[in-house]
Amino acid sequence: MTSSPPAELKLTSEEIALLEGAEGPGVQRAMEIVVTLGRIYGAPDLVPVTHVQIAGVSYKNLGEAGVAFLHAWAEEGARARVPATLNPAGMEMDRWQAMGIDPAFARPQMEAIKAFIQMGVTPTMSCTPYLFPDYAPERGEHLAWAESSAVAWANSVMGAYTNREGGPSALAAAIVGRTARYGYHLDENRVATHVVEIRCPVRTIADFGALSYMVGKRVGAGVPWFADLADWLPPLPDDLTQGGDAGDRLKTLGAGLAAYGAVALYHIAGYTPEARDVGERLICRDAQRIVIDSLDEGYGVMDADPEVTEIDLVTIGCPHASLTELRHIAQRLQGEKLATRLWVTTGRITRDRAAREGLVEIIEEAGGEVVADTCAVVAPVRSLGVRTMATNAGKMANYAPMHSGVKMRYGDIDRCLDAAITGRWT
Ligand code: F3S
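Computed from a predicted structure; not experimentally measured. (Residues numbered from 1 in each chain as written. Predicted model: local features only at pLDDT ≥ 70, side-chain atom pairs only at ≥ 80, totals over all residues. Heavy atoms only, no water.)

What follows is about helix α13 (residues 348-356). Among the residues of α13, Thr350, Arg351, Arg353 and Ala354 are the ones counted as buried. The buried residues of α13 occupy one face: seen down the axis, they fall within an arc of 160°. Considering only its buried residues, α13 is in contact with β10 (313-321), α12 (323-333), β11 (341-346), α14 (359-365) and β12 (369-372). The first or second residue beyond α13 is Gly358, which carries a positive phi of 80°. (Buried < 20%, exposed > 50% of the residue type's maximum accessible area, 1.4 Å probe, protein only. Helix = DSSP H or I, 4+ residues; strand = E, 2+ residues; numbered from the N terminus. Arc of directions from axis to C-beta. Contact = heavy atoms within 4.5 Å.)

Listed below in structure tokens is the structure:
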């Protein structure tokens, strides 16, 4: 059997000019990255993007070399030409001393953010740009997003089009306003490769996290079609920027599918936009069938250290907490006094919305912290003395032990809040 070579990448005259340096070395470098990826993946052309989300922002990931690279690119005159926002950094930018962050970490972290700002990137420092009214994507928009949990949301919940970009390729896409048209930018790659049938209750956010582990592990980089998951989901609200009970479950599901597999798109029959419109024609002919009849395997992996009862840090908000989650937490903590540290990690924009409703005050009066700009994975939590953690978030349950060597307990949000109140996992 012979296979035809990929078609030549077609560039417009404007794109060729950028590639030849018409707008300086910074833009030329960005165009080289986008074009190289396009050629590697056999893209027919470049597609304009409406928004870029850049990941790999924490100094913990960047290191000195990464910060120097960003500054060099900014000095070369690279500037974002479409709206671009940032993933969480390694600390809350104006409260890092109070968080106990070492200046040796804080200074280069601030330098990195300065370089992004110089390049015209908005320092939202959140993994949930879709919860911000100014950046929430719409159906059919082409994006260049690098945060894997947000990619799953954009493709699946909104019906937008994005690949899972790397940090430099997302920034390059912002600088040239385009990305290569391959992968999930093409309808033919959005068909379901696996059909998942659920034979057990999936109720809480933690249940969705456990499910995400089990499906992510089995599907890898495939596209799961959830045949009956809509039975366990409330209707999608009109305003998804508040999260809502449905949105909070879906953001956990997408984050875990991306973290435990490499899922960038999933469909829920009768529920997500493409599944609603196209129906079962979206399932490829040789799709594999997966039956989930218990979540025990997921809970067993995530609640990884059952011997741990004393909790140093309870963390909620992975992906960053929505307004709905903040309302739930404030309601539960009203009038309580916490025995251990609680971080509710969220985006600055969501925190401001929550503050206007008085939610931040209630959580802080109980002794909790509503932490913006960062999360317990990208912040150096071990150097803050944290050895044991509890969370209701599937992705956090895996990433925090891996990145920071902490021990982890995992359960639903009320169990986590009880642990914050008593200091113990019961
Ligand atoms: Fe966001 Fe941090 Fe989780 S970046 S998705 S809160 S690991």
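For the protein, the assigned domains are domain 1 (13-187), domain 2 (191-298) and domain 3 (303-422). The C-alpha-based centres of domain 1 and domain 2 are spaced at 27 Å. Tallying the contact residues gives 20 residues for domain 1 and 23 residues for domain 2. Run the count over domain 1 and domain 2 and you get one salt bridge. Its salt-bridge partner being Arg139, residue Asp277 comes within 2.6 Å of it at the nearest N-O pair. The tally of links between domain 1 and domain 2 comes to four residue pairs in polar contact (both at pLDDT 80 or more). A breakdown of the residues in the side of domain 1 that touches domain 2 according to their chemical character gives eleven nonpolar, six polar and three charged. (Domains from an automatic or database assignment. Salt bridge = Lys/Arg side-chain N within 4 Å of Asp/Glu carboxyl O. Polar contact = N/O pair within 3.5 Å; in protein donor to acceptor, adjacent residues only side chain to side chain. Nonpolar A, V, L, I, M, F, W, Y, C, P; charged D, E, K, R; others polar.)

Let's shift gears to unusual backbone geometry. Here the residue pair Cys318 and Pro319 is connected by a cis peptide bond, since its omega of -5° sits within 30 degrees of zero. The backbone of Met125 shows a phi angle near 45°, a positive value even though the residue is not glycine. In this model, Asp373 sits at a positive phi of 75°, which is unusual for a non-glycine residue. As for its placement among the helices and strands, Asp373 is situated in the loop between β12 and β13 (388-391).

The next point concerns the sheet that holds strand β4 (residues 143-145). Taken together, three strands build an open sheet; the order of strands is β3-β2-β4 and the sheet is parallel. Both outer strands of the open sheet, β3 (84-86) and β4, are each paired with one neighbouring strand and no more. Strand-to-strand twist of the sheet, defined as the mean angle between neighbouring strand axes without regard to direction, takes the value 15°. The sheet contact formed by strand β2 (residues 51-54) and β4 spans three bridges and is parallel. Among the inter-strand pairings, His51 is bridged to a residue of β4, identified as Leu143. The sheet strands contacting helix α7 (residues 167-176) are β2, β3 and β4, and the helix crosses β2 at an angle near 150°. (Pairing = 2+ DSSP bridges. Axes fitted to C-alpha atoms, helices over the stretch in contact; angles between N-to-C directions.)

With that out of the way, let us pick up the environment of Met125. With respect to the element layout, Met125 can be found in the loop between α5 (103-118) and β4. Relative accessible area serves as the criterion here: at 4%, Met125 is assigned to the buried category. For the pair Met125 and Ala89, spaced 36 residues apart in the sequence, the C-alpha separation amounts to 6.1 Å. For Met125, the contacting residues outside a window of four places in its chain are Leu86, Asn87, Pro88, Ala89, Met93, Ile113, His320, Asp373 and Thr374.

Turning next to the state of the cysteines. Applying the stated rule across the entire model yields zero disulfides. For the unlinked cysteine Cys200, the closest cysteine sulfur is that of Cys416, found at 20 Å. (Disulfide = S-S within 2.5 Å.)

Within a beta sheet, neighbouring strands are joined by backbone hydrogen bonds and run either parallel or antiparallel to one another. Read across the sheet, four strands follow the order β8-β7-β6-β9 without closing on themselves; strand pairing throughout is parallel. Single-partner strands in this sheet number two, and they are β8 (267-268) and β9 (283-292). Pairing of strand β7 (residues 224-226) with β8 involves two bridges; the strand directions are parallel. Across the sheet, the residue bridging to Phe226 is Ile268, located in β8. Each of β6 (192-198), β7 and β9 is contacted by helix α8 (residues 205-219), which is oriented at about 135° to β9, the strand it contacts most.

Turning our eyes to something else, we now look at the pattern of salt bridges. Any two side chains of opposite charge can pair, given that their charged atoms come close. Counted by the stated rule, this structure contains 27 salt bridges. Two residues, Arg178 and Glu14, come together in a salt bridge whose shortest N-O distance is 3.2 Å. With a gap of 164 residues between them, Arg178 in strand β5 (residues 178-180) and Glu14 in helix α1 (residues 13-19) connect regions that are remote in the sequence. In this structure, Glu310 and Arg424 form a salt bridge, with 2.4 Å as the shortest nitrogen-oxygen distance. Within this pair, whereas Glu310 is found in the loop between α11 (296-302) and β10, its partner Arg424 is found in the segment after α16 (413-422), the two being separated by 114 residues in sequence. Each of the salt bridges in this network shares a partner with another, and the network as a whole consists of Glu92, Arg95, Arg341, Arg351 and Glu369.

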